[in-house]
Amino acid sequence: MTTTTPTPVGVIGVGSMGRNHARVYRELPTTELVGVYDADEENARAVAEEYDTRYRSLDDLLSAVEAVSIAVPTQYHFDTARECIDAGVDVLVEKPFVSDAEEGERLIEFADERNVNIQVGHVERFNPAVSTLLDLVEDLDIIAVDAHRLGPPLDREIDESAVMDLMIHDIDILLALVDDEVDAVDAVGNRNARYASANLAFESGVVGQLTASRVTQEKVRKLTISAETCRVTVDYIDQTLEVTRGSAPEYIREDGEFTHRHESFVEQLSVENREPLKHELDAFVESVRTGTEPPVTGEDGLRALELVKEIDELSKDSTRKTPKPATTQ
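Conventions used here
- Residues numbered from 1 in each chain as written.
- Predicted model: local features only at pLDDT ≥ 70, side-chain atom pairs only at ≥ 80, totals over all residues.
- Heavy atoms only, no water.
- Helix = DSSP H or I, 4+ residues; strand = E, 2+ residues; numbered from the N terminus.
- Polar contact = N/O pair within 3.5 Å; in protein donor to acceptor, adjacent residues only side chain to side chain.
- Pairing = 2+ DSSP bridges.
- Axes fitted to C-alpha atoms, helices over the stretch in contact; angles between N-to-C directions.
- Salt bridge = Lys/Arg side-chain N within 4 Å of Asp/Glu carboxyl O.
- Buried < 20%, exposed > 50% of the residue type's maximum accessible area, 1.4 Å probe, protein only.

S.K.: How do you make sense of the environment of Ser63 when you look at a structure like this?
M.R.: Looking at the element boundaries, Ser63 is found in helix H3 (residues 58-64). Ser63 sits 21 residues away from Cys84 along the chain, and the two C-alpha atoms are 9.7 Å apart. Among the polar contacts made by the side chain of Ser63, one reaches the main-chain carbonyl oxygen of Asp60 at a distance of 2.7 Å.

Dropping the structure here:
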């Protein structure tokens, strides 16, 4: 019986998200966490000690690894990823991919020239319920997709809008579900970009309605598909997937009177229970090992980014417009 040598990996940027990457790499049997780097050296050393690895300079880390996760602030994604690619290191770049589309195009071209893989960290794609959904939709005639990603105000400051931070997850899922070009987009927002709603229409006729909020006093992470033959509901938090199918209407005679009945049947599909981040990093490392295309490519991340930035700008524009005064009768 042969064993495979663990892939040496590292994490660049060990804030809250990067710390989780370090934890998962430490737990995966296919990886060896050989080091972490962060501009905050004190924090990086603390994370390194917690996960039994080393704090390294960036150059030292890149000389020791085959792959890294990049979890630095978005404005540093391009420069950091380019340095990694130049060193021949495969990268997983947290979402959003980069700050603007031009940077993304340049990174993808640079990586292709050097035969380096880029995976974008759209972790919700690896939610077990979503994996099951993506298999299911191949047989569905989709009419509409409705997604809600809501939650209360955070106890920490965050620079990104609700669209860039939250809705981007559902945009990525929507684009994975509907393999088609977007024909029209509209969006509105308020509460200083902490609430936004968007409507999309695809060339095929499929429509999408997306809402993201950091001012809603309930945490909701749900997506619903309306199809010709059923309604599919995904709960990202519970990692559940329900399919509701309707029966034909019946007219029943009871006590000499006719009554109408229309029953629905709800099927709870079996979903593997697994941490999405662990599934994501496992898939990334597999692409590194095999040299195959990662499941969420740079092109995927760029497409989601372009649409999200358009929605974000539209939603912010809506708050700048002066509302029309109410008319009195």
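Having seen the structure, we can now continue with the description.
S.K.: In this structure, what is going on with the sheet that holds strand E1 (residues 7-12)? I would like to understand it.
M.R.: Strands in a sheet are paired, the pairing made by backbone hydrogen bonds, and the direction either parallel or antiparallel. Spatially, E2-E1-E3-E4-E5 is the arrangement adopted by the five strands of the open sheet, whose pairing is parallel. The sheet terminates laterally at strand E2 (31-37) and strand E5 (118-121), the two strands that pair on one side only. Sheet twist, expressed as the average angle between the axes of neighbouring strands with direction ignored, equals 20°. Of the strand pairs in this sheet, strand E4 (residues 90-94) and E5 are connected by four bridges, and their pairing is parallel. When the bridges of E5 are listed, Leu92 appears paired with Gln119.

S.K.: In this structure, what is going on with the pattern of salt bridges? I would like to understand it.
M.R.: Pairing is possible between side chains that carry opposite charge, provided their charged atoms lie close to one another. Counted by the stated rule, this structure contains 17 salt bridges. In this structure, Arg26 engages Asp52 in a salt bridge whose closest nitrogen and oxygen atoms are separated by 3.0 Å. In this pair, Arg26 is assigned in helix H1 (residues 16-27) and Asp52 in the loop between helix H2 (41-50) and H3, connecting sequence segments 26 residues apart. The residue Lys95 makes a salt bridge to Asp165 at a minimum N-O spacing of 3.4 Å. Remark: Asp165 occurs in helix H7 (residues 162-177) and Lys95 occurs in the loop between E4 and helix H5 (101-113); sequence separation between them is 70 residues. Taking relative accessible area as the criterion, Lys95 reaches 14% and is therefore assigned buried. Each of Arg23, Glu27, Glu275 and Lys278 takes part in a single network of salt bridges with overlapping partners.

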